[in-house]
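Notes for the structure review
One-letter residues, chain by chain:
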Amino acid sequence: MGSDKSRDLRQPSGIPRNVIAERETFMRAYLKRGFEITEDLLRENQKLRHDLAQVQADNARLYAQVASEDAIRELLTTIEGLEKERNALIERSQELKRASEQYEDRNLQIESELNDLTNLYVAAFQLHGTMSLKHVVRHIGDLLFQFIGVSSYVIYLGEPDRNLIRPIGWTGCDEAALKPEAVGQGMIGEVYLTGVPRIDDETIFGGTVESPVAVIPLMVDDQVIGVISVIGLHGHKTKWASVDKELFKLLGVHACTALIAANLYDREKGPMAALAGIREKLAREGPGTNWAGVVSERDKRAVQ
Amino acid sequence: MKEFTCLVVEDSSMMRQLIIFALARIKNISVTEADDGVTGLKQLANARFDLVITDINMPIMDGLKLVQRIRTDKVHKDVPVIIITTEGSSEDKERAMALGASAYITKPIQAPQVIAKVKELLKIE
C-alpha cells in the first residue's frame, strides 16, 4: 500500500509531487521576485529617465543662465562704455556751449564796435560832407543829439582880441542865461584856456549853462578856437557810453576843421574860386612841386 | 530771392546815412531816401515800397501825418511802417502806434536793432 501511495505521489516523470510543488512554489516566488525586480527596475528606469530629463533641463537652464550672464556682463560693459561716451559728449556739449556763449559775446562786442565805428564814420563824413556853415552847425547838433543823446548844448567860439568866448549856436537851453565867458574863468573858460576836455563821469544830470556836464575844446593844430558845452542829456541816458568820448574827440577836431573850411568856402564863389589860393601857391613854388612828398615840421615831430 | 524796397524818411542826413548803413547789411533790399514827409509821400506815389522807416519830428510834414497818409493810401495801406522816436517820448510812440505804425526804434539807433526789426516785418530769414 505504501508503495502505491508513493506511486500516487509521483508524477509521470517520476519526480515527486512535493518536489514539483516545491519547485513550483520556488519558481513562483522566483518569478514573483523577478517580476518585482523588473518592476523595480522599470520604476528605477523611469525615475532615472525623469532625473535625466530633469538634469538635462537643469543643464540647459544653467547653460542659458551662463549665456545670459555673459550677455549681461557684455551689456554692462557696453553700458559702461556708453556711460563714458555720454559723459564725454556732455562735457563736449558743455564746452561747445561755453564756446558758443563766448562767440555770442564776441559777436555782440563786434556788433557794438561796428556800430560805434559806423557812428564815427557817419559823423566825420557828415561834418566834412558840406561846405555850408549852417549845415556844419546843424550836423554838430545832430551828432550831439542823435548819436550821444545830448538834449541841450552851446557852441562857443573864441574872440582872442577881447579875451572872451562867445556862444554862436545852442539848443535846449535858456537863451537869456547865455553870455560871453571870460577866458580862464569857470569851466568853459578853463577848457578854452587849457584845451583839456572836462567830462563829468559821476553826474551826467543837472547841468547848467555855468556848470555843464561836459565841455569839449574845439581844436586845430593844437590851438583851441572854441568849445562845445554839454548841458543836458536825454532822460534815458544814465552814463556815458565808451563811444561818446570817441565822438567828443572826433567833434573836438573835425567840427573845428569843418567850421573853418565852411567859413572859408562861404566867402568864395564856388569850389574853383575856393581853390584859387592853392593855384597861387603852386604858381609861386614853380613847376614840378609835389605836395605829396612834403612832410611838415609838425608831422616830423609826430614821427619822432 | 525777392527784392525788397524800403523808403527811409528822415530829415537828418546823419540818421539817414546810419539807417542806410544798417539796411545795407540785409541782402536784397534797395533803399530810397526822403528828407521830409512830403518828399516821402511823393516817393510813395511814384513807386511801390515794401517797408517805410520814418522819423517823427520832421519839417513840413512830420512822421505821424505820414503814417496817417500811408494808412489811407490804396497801394501802401498794408505796408509795414517803422517809426524812429527819441527815448522817453512815449506819447509820440503811442500816437504813432495808434495811427497804424507797425513798430518803433528808439534813438540813438543801433544797427542790430534796425536789422532785426526790418527782417521781422519783411519776414526775412
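The paragraphs below set out a description of the structure included in this document. (Residues numbered from 1 in each chain as written. Chains lettered and ligands numbered in written order. Predicted model: local features only at pLDDT ≥ 70, side-chain atom pairs only at ≥ 80, totals over all residues. Heavy atoms only, no water.)

1. Considerations on the overall build of chain B
Under the convention used in this document: Put simply, DSSP marks the helices as runs of H or I at least four residues long and the strands as runs of E at least two long, and each gets a number from the N terminus on. A 1.4 Å probe rolled over the protein chains alone gives each residue an accessible area, and that area as a share of the maximum for its type sets the label: buried under 20%, exposed over 50%, partly exposed in between. All accessible areas in this document rest on Shrake-Rupley with a 1.4 Å probe, and a residue is counted as covered only by the protein chains that are shown.
In terms of helices and strands, chain B carries five helices and five strands. For chain B, with 125 residues in total, the buried portion stands at 50%. A total of about 6,000 Å² of accessible surface is found on chain B, and carbon and sulfur atoms cover 49% of it.

2. A few points about the sheet that holds strand E1 (residues 4-9) of chain B
Residues and elements named next belong to chain B. Just so we agree on the cut-off: Paired strands are those between which DSSP finds at least two bridges. Structural elements are reduced to axes, namely lines fitted to C-alpha atoms, with helices fitted over the stretch in contact, and the angle between N-to-C directions of any two is expressed from 0 to 180 degrees.
The strand order E2-E1-E3-E4-E5 describes an open sheet built from five strands, whose pairing is parallel. The open sheet has two free edges, formed respectively by strand E2 (29-34) and strand E5 (103-107), since each of these has just one partner strand. Averaged over all neighbouring strand pairs, the angle between strand axes comes to 20 degrees, with direction disregarded. Here E1 runs beside E2; their pairing, made up of six bridges, is parallel. Residue pairing for E2: Leu7 is matched across the bridge by Thr32.

3. Examining the interface of chain B and chain A
To keep it simple, the criterion reads: Contacts: residue pairs with any heavy atoms within 4.5 Å of one another. Note: buried area is the sum, over both parts, of the accessible area (probe 1.4 Å) each one loses when the two are combined. For salt bridges, the criterion is a side-chain nitrogen of Lys or Arg within 4 Å of an Asp or Glu carboxyl oxygen. Polar contacts, as counted here, are pairs of nitrogen or oxygen atoms within 3.5 Å of one another; within protein the pair requires one atom able to donate a hydrogen and one able to accept it, and residues that are adjacent in sequence qualify only if both atoms are side-chain atoms.
Listed per partner, the contact involves 18 residues of chain B and 19 residues of chain A. Of the roughly 1,700 Å² buried between chain B and chain A on both sides combined, carbon and sulfur atoms contribute 58%. On the chain B side of the interface with chain A, the three residues burying the most area are Met14(B), Gln17(B) and Leu18(B), jointly 35% of the side's total. The interface formed by chain B and chain A holds two salt bridges in total. Where Asp11(B) meets Arg138(A), a salt bridge forms, and the shortest distance between an N and an O atom there is 3.1 Å. In this structure, the connection of chain B to chain A is made through eight residue pairs in polar contact (both at pLDDT 80 or more). At six residues, helix H1 (residues 13-23) of chain B tops the list of elements feeding residues into the side of chain B that touches chain A.

4. Examining the pattern of salt bridges
Throughout the structure, instances matching the rule amount to 19 salt bridges over all chains. A salt bridge links Arg92(A) to Glu95(A), with the shortest nitrogen-to-oxygen separation between them at 3.4 Å. A residue pair is termed a helical-turn pair when its members lie 3 or 4 positions apart in one helix, as Arg92(A) and Glu95(A) do in helix H2 (residues 17-128) at three residues. Accessibility expressed as a relative area gives 46% for Arg92(A), which makes it partly exposed. The partner of Glu159(A) in a salt bridge is Arg162(A), with the nearest N and O atoms 3.3 Å apart. Bridged by salt links that share partners, the residues Arg138(A), Asp142(A) and Asp11(B) form one connected network.

5. Considering the layout of surface pockets
The method is simple in principle: a probe with the dimensions of a water molecule rolls over the atoms, and the space it marks as empty is what remains. Basically, it comes down to this: We place a 1 Å grid over just the protein atoms. Points where a 1.4 Å probe fits but has no way out form a cavity, open points with protein on both sides within 12 Å along at least 5 of 7 lines form a pocket, and any residue with an atom within 4 Å of a point lines it. Grid points are joined across faces, edges and corners, and a volume is the space filled by probe spheres set on the points. Gly is put with the polar residues, along with every residue not named as nonpolar or charged; the nonpolar set is Ala, Val, Leu, Ile, Met, Phe, Trp, Tyr, Cys and Pro, and the charged set is Asp, Glu, Lys and Arg. A domain assignment, automatic or from a database, supplies the domain bounds used here.
Volume-wise, the largest pocket comes out at about 380 Å³. In this structure, the largest pocket is lined by 19 residues; those nearest its centre are Asp116(A), Ala241(A), Val243(A), Pro108(B) and Gln110(B). With six residues, H2(A) is the largest single contributor of residues to the lining of the largest pocket. The class makeup of the residues in the lining of the largest pocket is six nonpolar, eight polar and five charged. Each of domain 1 (1-117) and domain 2 (129-269) of chain A contributes no fewer than three residues to the lining of the largest pocket.

6. Here's the deal with the side chain of Thr130(A)
All names here are of chain A. If you trace the backbone, Thr130 turns up in the loop between H2 and helix H3 (133-148). The class of Thr130 is buried, set by a relative accessible area of 13%. Looking at Thr130, its side chain comes within polar contact range of the side chain of His135, at 3.4 Å. Among all residues touching Thr130, those that are not within four sequence positions of it are His135, Val136 and His139.

7. With respect to the packing of helix H3 (residues 63-72) of chain B against helix H4 (residues 90-99) of chain B
Residues and elements named next belong to chain B. Put simply, the rule is: Every angle not falling under 35 degrees, over 145, or within 65 to 115 is termed oblique; those three ranges are roughly parallel, roughly antiparallel and roughly perpendicular.
Packing of H3 against H4 leaves a shortest axis separation of 9 Å and a crossing angle of 10 degrees. With respect to H4, the element H3 is oriented roughly parallel. In this structure, H3 contributes Leu64, Val67, Gln68 and Arg71 to the contact, and H4 contributes Asp92, Arg95, Ala96 and Leu99. When its residues are assigned to classes, the contact of H3 with H4 shows four nonpolar, one polar and three charged.

8. A word on the sheet that holds strand E6 (residues 223-233) of chain A
All names here are of chain A. Ordered by their spatial adjacency, six strands build an open sheet running E3-E2-E1-E6-E5-E4, and the pairing between neighbours is antiparallel. The open sheet has two edge strands, strand E3 (181-182) and strand E4 (198-199), and neither has a second partner. In this sheet, E3 lies alongside strand E2 (residues 164-171) in antiparallel orientation, the contact comprising two bridges. Each residue of the ladder has a partner; that of Leu164, found in E3, is Ala182. On top of the sheet, helix H4 (residues 186-194) reaches strand E1 (150-159), E2, E3, E4, strand E5 (214-220) and E6; it is set at about 145 degrees to E6, its chief contact. Its contacts with the sheet place helix H5 (residues 242-267) against E4, E5 and E6, and it is angled at close to 45 degrees to E5.

9. A look at the side chain of Thr85(B)
Relative to the elements of secondary structure, Thr85(B) occurs in strand E4 (residues 81-86). Look past the residues within four positions of Thr85(B) in its chain and what remains in contact with it is Ile56(B), Lys93(B), Ile105(B), Thr106(B) and Lys107(B).

10. Some remarks on the pairing of E1(A)
Two faces make up the sheet, and in a regular strand the side chains alternate between them. All names here are of chain A. Of the strand pairs in this sheet, E1 and E6 are connected by seven bridges, and their pairing is antiparallel. Following the sheet pairing, Ile155 is matched in E6 by Ile228. Here seven bridges tie E1 to E2, and the two strands are oriented antiparallel to one another. Its bridge partner lying in E2, Glu159 is registered against Leu164.

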